[in-house]
Amino acid sequence: MFRAEDVTLAPPALDDGRHLWRLARDSGLDVNSPYAYVLWCRDFAATSLAARDGSGALRGFVTGYVRPEALDTYFLWQVAVDPECRGRRLARRMLDRVGSRIAARGIRYLEATVTPDNTASRALFASFARDRGADLTWTPLFTRAHFPADGPGPHEPEDLVRIGPLH
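What you see is a predicted model, and the numbers here were worked out from it, not measured in a lab.

### Remarks on the sheet that holds strand 6 (residues 135-142)
Link 1 in the chain: As summarised here, the arrangement of the seven strands in space is 1-2-3-4-5-7-6, forming an open sheet in which the pairing is mixed. Single-partner strands in this sheet number two, and they are strand 1 (8-10) and strand 6. For this sheet, the mean inter-axis angle between neighbouring strands, taken without regard to orientation, is 25 degrees.
Link 2 in the chain: As paired elements, strand 1 and strand 2 (residues 49-52) share three bridges and run antiparallel to each other. Residue pairing for strand 2: alanine 10 is matched across the bridge by alanine 50.
Link 3 in the chain: Contacts from helix 2 (residues 34-43) reach strand 3 (58-66) and strand 4 (73-81), with the element oriented near 70 degrees to strand 3.
Link 4 in the chain: Against the sheet, helix 4 (residues 119-132) contacts strand 4, strand 5 (109-114), strand 6 and strand 7 (158-164), and its axis sits at roughly 165 degrees relative to strand 5.

Below you can see the structure in the form of structure tokens.
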């Protein structure tokens, strides 16, 4: 049986890009090109995480980066958990590890965008902020008008969550 406590959390390796892409697809996230995930593993491995089970299989990941325009802010791009491993606090364990890593680097804020109907992500960020004693603010950021109208379907708006200062 899968237990989140038994996973290994480490930066993704270059060879993980294709696995991140598959997991994003299988998790129902907005999927970027396979190239983007390979590039992510090269250029942003230090600010991302891969979660592996005892057999070495990828069970989850977090991708993120330090915002070039706000060096005290980490932007969390995607959190993915293998559908077979959901409900076992893996997303929270990965978020806690990322939070500790970025706070140790002097980064004071964590940001992400979340669609208004994504109650699971909203609850995850709220509990993370509460347990760290950090402020949590939600503001509208991207409307449907920011996304291509001729895409695969209408994109939901994205609200910005800002958590901090981190301790």
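### What to know about the packing of helix 1 (residues 17-27) against helix 2
Link 1 in the chain: Running from amino to carboxyl end, helix 1 crosses helix 2 at an angle of 125 degrees, the nearest separation of the two axes being 7 Å. Between helix 1 and helix 2, the interaxial angle falls into the category oblique. Considering only the axes of helix 1 and helix 2, their crossing is right-handed. Packed against helix 1, whose contacting residues are Gly17, Arg18, Leu20, Trp21 and Ala24, the element helix 2 presents Pro34, Tyr37, Val38 and Cys41 at the interface.

### Let's talk about helix 1
Link 1 in the chain: The set of residues buried in helix 1 consists of Gly17, Leu20, Leu23, Ala24 and Ser27. Buried residues of helix 1, viewed axially, fall in a sector of 125 degrees; they line one side.
Link 2 in the chain: The elements touched by buried residues of helix 1 are helix 2, strand 3 and strand 4.
Link 3 in the chain: Directly beyond the C-terminal end of helix 1, a positive phi value near 85 degrees is found at glycine 28.

### Considerations on the pattern of salt bridges
Link 1 in the chain: Under the defined criterion, the tally for this structure stands at 13 salt bridges.
Link 2 in the chain: Residues aspartate 96 and arginine 92 are paired through a salt bridge, measuring 2.8 Å at the closest nitrogen-oxygen approach. In this pair, aspartate 96 and arginine 92 are both assigned in helix 3 (residues 90-104), four residues apart and thus about one turn of the helix distant.
Link 3 in the chain: For aspartate 96, a relative accessible area of 25% corresponds to the partly exposed category.
Link 4 in the chain: Residue classification places arginine 92 among the buried positions, given a relative accessible area of 8%.
Link 5 in the chain: The partner of arginine 130 in a salt bridge is aspartate 131, and the shortest N-O contact between them spans 3.8 Å.
Link 6 in the chain: What emerges from the salt-bridge pattern is a single network uniting Asp53, Arg59, Asp82 and Glu84.

### Regarding the packing of aromatic side chains
Link 1 in the chain: Under the definition given, this model contains eight aromatic pairs.
Link 2 in the chain: Their ring planes at 75 degrees and their centres at 6.3 Å tell us that tyrosine 37 and phenylalanine 61 sit as a pair that is edge-to-face. Of the two residues, tyrosine 37 sits in helix 2 while phenylalanine 61 sits in strand 3, which places them 24 residues apart along the sequence.
Link 3 in the chain: Of the residues examined, phenylalanine 61 reaches a relative accessible area of 0% and is grouped as buried.
Link 4 in the chain: Through successive ring pairs, a cluster of aromatic residues spans Trp40, Phe44, Tyr65, Phe75 and Trp77.
Link 5 in the chain: The lysine or arginine in question, arginine 162, covers the ring of tyrosine 109, its NZ or CZ lying 3.9 Å from the ring centre.

Calculation criteria
Residues numbered from 1 in each chain as written. Predicted model: local features only at pLDDT ≥ 70, side-chain atom pairs only at ≥ 80, totals over all residues. Heavy atoms only, no water. Pairing = 2+ DSSP bridges. Helix = DSSP H or I, 4+ residues; strand = E, 2+ residues; numbered from the N terminus. Axes fitted to C-alpha atoms, helices over the stretch in contact; angles between N-to-C directions. Contact = heavy atoms within 4.5 Å. Parallel < 35°, antiparallel > 145°, perpendicular 65-115°, else oblique. Left-handed = near helix turned anticlockwise from the far one by under 90°. Buried < 20%, exposed > 50% of the residue type's maximum accessible area, 1.4 Å probe, protein only. Arc of directions from axis to C-beta. Salt bridge = Lys/Arg side-chain N within 4 Å of Asp/Glu carboxyl O. Phe/Tyr/Trp six-rings, centres within 6.5 Å; stacked < 30°, edge-to-face > 60°. Lys NZ or Arg CZ within 6 Å of the ring centre and 35° of its normal.

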